[in-house]
Amino acid sequence: MDIFSQRHLLGIKNITENDIELVFDTADNFKTVINRPIKKVPSLRDVTVANIFFENSTRTRISFELAQKRLSADVVNFSAAASSVTKGETLIDTVKNILAMKVDMVVMRHPAPGAHIFLSKHIDAQIINAGDGTHEHPTQALLDAYSIREKLGSVKGKKIAIIGDITHSRVALSNIFCLQKLGAEVMVCGPATLIPKYISSLGVKVEYDLMKALNWCDAANMLRIQLERQDIKYFPSLREYSMLYGLDKERLDALEKDILIMHPGPINRGVEITSDVADSKHSIILDQVENGVAIRMAVMYLLAGQN
Amino acid sequence: MNSKKVIEKKQLEIIIDRLCYELIENHGDFSNTAIIGLQPRGIYLSRRIHDRISEIVKRKNILYGELDISFYRDDFRRGKEQIIPSEMNIDFTVQDKKIVIVDDVLYTGRSIRAALDALTDFGRPVKVELLVLVDRRYSRHLPIQPDYVGISVDTRANDKVKVEWKENAKQDLVHIITNSK
């Protein structure tokens, strides 16, 4: 198998199918590591990683930090709210100052789409995108596709529906790139106001009827309504959204076949998905979280190994 | 470039038989011993040894595993090439077991050092031994010596010992490639 082709992980758009398969195969190894009594390997013991989060995060930050610790890397955490960013420091200055303290790798979440690409042109460290605005969230897409591969055997030829707030979702875009590179068919579904106008140019199907999408797919990825990114009203009320696009037990039972239910978190229970569905046997939400650590270990291992 | 054959098919069978009997002499019916092959190249030998011993002692459930040492190597981030891990397959605990590590060629001893580290992350074995098909003498970087040796060879640093298996190269053959300059 070939080597990992990129120096950074800026987005799924920049990496190849081979890169994705390489991450998956490496993640298989790390999954055995994190399931044994000693959950740690010494690979990255001479690597220092800075986790720089300009936006809130629970899962992604903890997942990255656990992955770093299980690879024996040294970790520094930085969140914008408690930093000099509030005093007016620029992105490059902030990051350069952190790198001056001898940091090898930067994991960053930033509200501006493309912030990572900009940064990669100005600094020397390796960069992993942990979410840039409404653009990409590559490690989430990798762990979603990895979870599908684990449950359904492969991704190739499978039908995946991404349902909800597509416009404001970086998970949706990265998932579309990742699933298509692996040979899956992708459909997006949601209210017309939350589906980007030209999304079909990416080669995805567009559906506005939830039941039609659910009946078509092998796995449904339910996205959260990102109220914090919506500066205008895109639908009359959460209650109406939930009535038309919320996944509940009744709808799940009405399907002709079993499908996988996924969610990148955080869940708004009772809005896009009801509790009985989120906690049902169809749901692989917690498997996604477990796989997230293995995937992030694999990504950092493959990038760090290039030096 | 010169290639010299050191072991051919028939001789390899005899060597593997001898190694198996040496192992049985020390480990009896293998009730508390596990055989662990090192990925990626030691597994062909370890599989054959496991099969042959199972045949001789007539037991089917001899513990067997394959260990990948990529995450423990001391040249990670220091070599020119990326280290891509191979499959790891140890579905038992090594706690209080005797372990025989199997690899094809023992050269600097660095792989074995990594393997010892990797192994202790699966528990505390009561004893660890090393079996190799080819021992390149006088070339160790670390104080590591094998317990069971197929053949010992004297080589220079820029020689290559190549082990081919029917499973991956269509023939069983060990040869030394010499760069004559």
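As the structure is a computational prediction, the values presented were derived from the model and not from experiment. (Residues numbered from 1 in each chain as written. Chains lettered and ligands numbered in written order. Predicted model: local features only at pLDDT ≥ 70, side-chain atom pairs only at ≥ 80, totals over all residues.)

Re the overall build of chain A
Step number 1: In terms of regular secondary structure, chain A is built from 11 helices and nine strands.
Step number 2: The C-alpha atoms of chain A give a radius of gyration of 19 Å, which matches the 19 Å a tight globule of 307 residues would have.
Step number 3: Oriented by its inertia axes, the alpha-carbon framework of chain A measures out at about 55 × 45 × 35 Å.
Step number 4: When each of the 307 residues of chain A is scored for burial, the buried share is 46%.
Step number 5: Within chain A, counting contacts between residues at least 6 apart in sequence, those at least 24 apart form 75% of the total. (Helix = DSSP H or I, 4+ residues; strand = E, 2+ residues; numbered from the N terminus. Rg over C-alpha atoms; globule rule 2.2 N^0.38 Å. Buried ≥ 20, exposed ≤ 12 C-beta atoms within 10 Å, placed from the backbone. Contact = placed C-beta atoms within 7 Å.)

Quick word on the nonpolar core
Step number 1: Core analysis: the largest hydrophobic core is formed by 131 residues, its most contacted members being Val-23, Met-105, Ala-298 and Met-300 of chain A together with Ile-101 of chain B.
Step number 2: Looking at this core element by element, the count peaks at 11 residues for helix H11 (residues 285–304) of chain A.
Step number 3: Inspection of this core shows a minimum of three residues originating in each of domain 1 (12–136 + 291–304) and domain 2 (138–288) of chain A. (Core = buried A, V, L, I, M, F, W, Y, C linked by C-beta atoms within 7 Å. Domains from an automatic or database assignment.)

Re the interface of chain B and chain A
Step number 1: Each side of the interface is counted separately: chain B has 12 residues, and chain A has 17 residues.
Step number 2: Looking at the side of chain B that touches chain A residue by residue, the class counts come to eight nonpolar, one polar and three charged. (Nonpolar A, V, L, I, M, F, W, Y, C, P; charged D, E, K, R; others polar.)

Quick look at helix H3 (residues 110–120) of chain B
Residue and element names in this part refer to chain B.
Step number 1: The complete set of buried residues in H3 reads Ser-111, Ile-112, Ala-114, Ala-115, Ala-118 and Leu-119. Looking down the long axis of H3, one finds its buried residues gathered within 155° of arc, a one-sided arrangement.
Step number 2: Here the buried face of H3 lies against strand S2 (33–38), strand S3 (63–67), strand S4 (98–106) and strand S5 (127–136). (Arc of directions from axis to C-beta.)

With respect to the domain arrangement of chain A
Residues and elements named next belong to chain A.
Step number 1: When its domains are assigned, chain A resolves into domain 1 (12–136 + 291–304) and domain 2 (138–288).
Step number 2: Each of domain 1 and domain 2 has a C-alpha centre, and the two are 25 Å apart.
Step number 3: Taken together, the 22 residues of domain 1 in the interface contact 23 residues of domain 2.
Step number 4: Only helix H1 (17–34), strand S4 (126–132) and H11 provide two or more residues apiece to the side of domain 1 that touches domain 2.
Step number 5: Residues of the side of domain 1 that touches domain 2, tallied by class, amount to eight nonpolar, eight polar and six charged.

Some points on the sheet that holds strand S7 (residues 160–164) of chain B
All names here are of chain B.
Step number 1: Read from one edge to the other, the open sheet built from three strands follows the order S1-S8-S7, with strand pairing classed as antiparallel. Here the strands that pair on one side only, and so sit at the sheet edges, are strand S1 (2–7) and S7. Ignoring strand direction, the axes of neighbouring strands in this sheet form an average angle of 25°.
Step number 2: Sheet topology places S7 next to strand S8 (residues 173–178); five bridges connect them, and they run antiparallel. Bridge pairing links Val-161 to Ile-176 in S8. (Pairing = 2+ DSSP bridges. Axes fitted to C-alpha atoms, helices over the stretch in contact; angles between N-to-C directions.)

Some thoughts on the environment of Leu-119 of chain A
All names here are of chain A.
Step number 1: Along the polypeptide, Leu-119 turns up in helix H4 (residues 115–120).
Step number 2: Residue class for Leu-119 comes out buried when judged on the 23 C-beta atoms lying within 10 Å of it.
Step number 3: For Leu-119, the residues in contact, after removing those within four places along its chain, are Leu-91, Val-95 and Ile-127.

Quick notes on unusual backbone geometry
Both trends apply: most residues other than glycine have a negative phi, and most peptide bonds are in trans.
Step number 1: In this structure, Pro-266 of chain A follows Gly-265 of chain A across a cis peptide bond, with omega equal to -10°.
Step number 2: Following the sequence through the fold, Pro-266 of chain A ends up in the loop between strand S9 (260–262) and helix H10 (275–278).
Step number 3: Along the chain, Gln-39 of chain B connects to Pro-40 of chain B via a cis peptide bond; the corresponding omega equals -5°.
Step number 4: Notably, Arg-77 of chain B is not glycine yet its phi reads approximately 70°, a positive angle.
Step number 5: Note that Arg-77 of chain B resides in the loop between S3 and S4.
Step number 6: Here the phi dihedral of Asp-96 of chain B falls at roughly 60°; this positive angle occurs in a residue that is not glycine.
Step number 7: Checked against the element boundaries, Asp-96 of chain B lands in the loop between S3 and S4.

Overview of the environment of Asn-2 of chain B
Residues and elements named next belong to chain B.
Step number 1: With respect to the secondary-structure elements, Asn-2 resides in strand S1.
Step number 2: Judged by the 10 C-beta atoms lying within 10 Å of it, Asn-2 falls in the exposed class.
Step number 3: Taking C-alpha positions, Asn-2 is 29 Å from Ile-83, a pair spaced 81 residues apart along the chain.

Some remarks on the sheet that holds S9 of chain A
Residues and elements named next belong to chain A.
Step number 1: Overall, parallel pairing links the five strands, which are arranged S7-S6-S5-S8-S9 in an open sheet. The open sheet has two edge strands, strand S7 (205–207) and S9, and neither has a second partner. The average angle at which neighbouring strand axes cross in this sheet is 20°, direction not considered.
Step number 2: Across three bridges, strand S8 (residues 219–222) lies against S9 in parallel orientation.

Description of helix H5 (residues 138–152) of chain A
All names here are of chain A.
Step number 1: The end-to-end C-alpha distance of H5, which contains 15 residues, comes to 21 Å, matching closely the 21 Å that a straight helix rising 1.5 Å per residue would cover.
Step number 2: Across the 15 residues that make up H5, a large majority, 12, are buried.
Step number 3: Along H5, the positions that sit buried rather than exposed are Pro-138, Thr-139, Gln-140, Ala-141, Leu-142, Leu-143, Asp-144, Ala-145, Tyr-146, Ser-147, Ile-148 and Arg-149.
Step number 4: Positive phi shows up at Gly-153, right after H5, with a value of about 90°. (Expected span 1.5 Å × (residues − 1).)

Digging into the packing of H5 of chain A against helix H6 (residues 170–181) of chain A
Each pair of packed helices can be described by the angle between their axes along with the distance between the axes.
Residue and element names in this part refer to chain A.
Step number 1: Look at H5 against H6: their axes get within 8 Å of each other, and the N-to-C directions meet at 55°. Relative to H6, the element H5 is oriented oblique. As H5 runs across H6, the sense of the crossing is right-handed. In this structure, H5 contributes Pro-138, Gln-140, Ala-141, Leu-142, Asp-144 and Ala-145 to the contact, and H6 contributes Val-171, Ser-174, Asn-175, Phe-177, Cys-178 and Leu-179. (Parallel < 35°, antiparallel > 145°, perpendicular 65-115°, else oblique. Left-handed = near helix turned anticlockwise from the far one by under 90°.)

Regarding the packing of H1 of chain A against H5 of chain A
Residues and elements named next belong to chain A.
Step number 1: Between H1 and H5, the shortest axis-to-axis distance is 11 Å and the interhelical angle comes to 65°. As judged from the angle between their axes, H1 and H5 are roughly perpendicular. In this structure, H1 crosses over H5, and the sense of that crossing is right-handed. Of the residues in H5, those in contact with Ile-20, Val-23, Phe-24 and Ala-27 of H1 are Leu-142, Tyr-146 and Arg-149.
Step number 2: Split into classes, the residues belonging to the contact of H1 with H5 amount to six nonpolar, no polar and one charged.

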